[in-house]
Amino acid sequence: MPRLVIVSPCYNEEAILVYSAGELTALLERLIAAGKILPTSHVLYVNDGSRDRTWELIEELHRTNPFIDGLCLAGNVGSELAVMAGMMTARDVADAVVTIDADLQDDLAAIEEMIDRYLEGYDIVYGVKVSRVADPFLKRTTAQAFYRMQEAMGIRVIYNHTNFRLMSRRALDALACYPERNLYLRGIIPQLGYPSTTVDDVIRERVAGETKYNYRKLLLLAVDGITSFSTRPISWIIGGGLLCLLISICMAVYVLVSYIEHLSVPGWASLMLSLWFIGSIVLLSLGVIGQYIGKIYIEIKQRPRYHIAQHLQHNDQ
Ligand code: UDP
Ligand code: MG
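Residues numbered from 1 in each chain as written. Chains lettered and ligands numbered in written order. Predicted model: local features only at pLDDT ≥ 70, side-chain atom pairs only at ≥ 80, totals over all residues. Heavy atoms only, no water.

(A) Spotlight on the overall build of the chain. A tally of regular secondary structure across the chain gives 10 helices and 7 strands. At 26 Å, the chain has a C-alpha radius of gyration far larger than the 20 Å of a compact globule built from 317 residues. Seen along its three principal axes, the alpha-carbon backbone of the chain occupies a region of about 90 × 60 × 35 Å. Out of the 317 residues belonging to the chain, those deemed buried represent 42%. Considering only intrachain contacts with a sequence separation of at least 6, the fraction spanning at least 24 residues in the chain is 81%. Only carbon and sulfur atoms are counted for the fraction: they give 61% of the accessible area of the chain, which is about 17000 Å². (Helix = DSSP H or I, 4+ residues; strand = E, 2+ residues; numbered from the N terminus. Rg over C-alpha atoms; globule rule 2.2 N^0.38 Å. Buried < 20%, exposed > 50% of the residue type's maximum accessible area, 1.4 Å probe, protein only. Contact = heavy atoms within 4.5 Å. Areas by Shrake-Rupley, 256 points an atom, 1.4 Å probe, with all protein chains shown as cover.)

Structure representation (structure tokens):
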């Protein structure tokens, strides 16, 4: 039986915390009674520099409810890093960690399924949104377009999965090897390579409070989601350079014909030719420099190069 820790990031969530704690406690009690998790399982709320009474509430819940633990970050670092802090703290005591937003928009019933999959031997279980009707139209469509774009860039992501997932201790240990600051968990976790599966997540409206993610924050996260995993945009510069070179060759023919036929004013031919030619050389050079910068970027992140799943060996010596 695993010891489960449910990690939940909270930023100005005073309106929903008590409700959320009640629901999660009831869930833990149910799972303990069903003999699926150890009685020492608990919830770990991570206060991400809230400016309201969130932390006071967590302290109070911790005093009165043995299932509630809290972690208070010194300032606001954003939900990705807050979730990371919670997971890394829980890793010391947990066999499995489930991360879920404090607003409980995700399907609580899916947590039991996640445990079942974990017991079957999966290290990572992704909650995948089967219906996003609770999301506003603009958010839904931009989010889905974004997943498609990431796929087109060769980034491995799980379609319609956000940060609702279960991870085993082994997967968390692997995740701990990623020291990067521009954290985009949804991109890193599929790279870990451990056995993974998905469960359905029917999301619903927020019960109280409002979203802490405005479109500016979402856009910044989306930029992280691409630039932290792909140097493909740099390669596009080279493509642009080659295209310009091709155009300059066509222009050369056109300009030459116009020159021979005396269709152009003096100076136009040389101007036109140098314009396209220099343009393509500049773009190509930028692309070449970009390739090196891309390599430096990948090296500097110091991501692990592999994770070991199993090592069969006879006794040493
Ligand atoms: N959150 C956080 N730090 C932030 C912003 C959000 O820890 O700077 C938490 C928030 O409390 C919630 C989760 O991240 O538990 C997801 O936020 P929200 O529900 O507002 O986003 P949405 O579901 O609307 O995308
Ligand atoms: Mg939410």
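(B) Geometry of the nonpolar core. One finds Met87, Met167, Leu175 and Leu192 to be the most contacted residues of the largest nonpolar core, which totals 39 residues. Only β1 (4-10), β2 (42-47), α3 (79-90), β5 (124-131), α5 (137-152), α6 (169-175), α7 (185-192) and α8 (215-227) provide two or more residues apiece to this core. The greatest single-element share of this core, amounting to 6 residues, is contributed by α3. The residues touching Met167, leaving out its near neighbours within four places in the chain, are Met87, Asp95, Ala96, Val97, Asp123, Ile124, Leu172, Leu175, Ile189 and Leu192. (Core = buried A, V, L, I, M, F, W, Y, C linked by side-chain atoms within 4.5 Å.)

(C) Quick look at the site of ligand 1. Surveying the vicinity of ligand 1 reveals 18 residues, the closest of which are Glu13, Asp48, Asp103, Thr211 and Lys212. One of the backbone nitrogen or oxygen atoms of Pro9 is found 2.7 Å away from an oxygen atom of ligand 1. Burial of ligand 1 by the surrounding chains reaches 92%, relative to a free accessible area of 530 Å². (Near = heavy atom within 4 Å. Polar contact = N/O pair within 3.5 Å; in protein donor to acceptor, adjacent residues only side chain to side chain.)

(D) The coordination of the magnesium ion (ligand 2), seen in detail. Surrounding the magnesium ion (ligand 2) are the protein donor atoms Asp103 (OD) and Gln105 (OE1), at 1.9 to 2.0 Å. There is no split in this pair, since Asp103 and Gln105 are both buried. (Donors = N, O, S within 2.8 Å, 3.2 Å for Na, K, Ca; no water.)

(E) Structural view of the sheet that holds β2. Read from one edge to the other, the open sheet built from 7 strands follows the order β3-β2-β1-β4-β6-β5-β7, with strand pairing classed as mixed. Where the open sheet ends on each side, the last strands, each with one partner, are β3 (68-72) and β7 (196-202). Averaged over neighbouring strand pairs, the angle between their axes works out to 25° when direction is ignored. When strand β4 (residues 96-99) meets strand β6 (residues 161-168), the two strands line up antiparallel, connected through 4 bridges. Paired with Ala96 across the two strands is Ser168, which belongs to β6. Set on the sheet, helix α4 (residues 109-119) makes contact with β1, β4, β5, β6 and β7; between it and β6 the angle comes to about 40°. (Pairing = 2+ DSSP bridges. Axes fitted to C-alpha atoms, helices over the stretch in contact; angles between N-to-C directions.)

(F) Focus on the pattern of salt bridges. Tallying each qualifying case throughout the model produces 13 salt bridges. Where Arg148 meets Glu151, a salt bridge forms, and the shortest distance between an N and an O atom there is 3.3 Å. Here the residue Arg148 and the residue Glu151 both occupy positions in helix α5, the gap between them amounting to 3 residues, near one helical turn. (Salt bridge = Lys/Arg side-chain N within 4 Å of Asp/Glu carboxyl O.)

(G) Representation of the pairing of β2. Across the 6 residues of β2, 6 count as buried, placing the element largely inside the fold. Pairing of β1 with β2 involves 6 bridges; the strand directions are parallel. Within β2, the residue paired with Ile6 across the bridge is Val43. Remark: the β1/helix α1 (residues 17-33)/β2 crossover connection has right-handed handedness. Here 5 bridges tie β2 to β3, and the two strands are oriented parallel to one another. (Right-handed = clockwise from strand over helix to strand, strands pointing away.)

(H) The arrangement of the packing of α5 against α8 in detail. Following both chains from N to C, one finds α5 and α8 inclined at 10°, their axes separated by 11 Å at the closest point. Put simply, α5 runs roughly parallel to α8. Taken together, the residues of α8 that come into contact with α5 (itself represented by Leu138, Lys139, Phe146, Met149 and Gln150) are Tyr215, Leu218, Ala222, Gly225 and Ile226. Residue composition of the contact of α5 with α8, grouped by class: 7 nonpolar, 2 polar and 1 charged. (Parallel < 35°, antiparallel > 145°, perpendicular 65-115°, else oblique. Nonpolar A, V, L, I, M, F, W, Y, C, P; charged D, E, K, R; others polar.)

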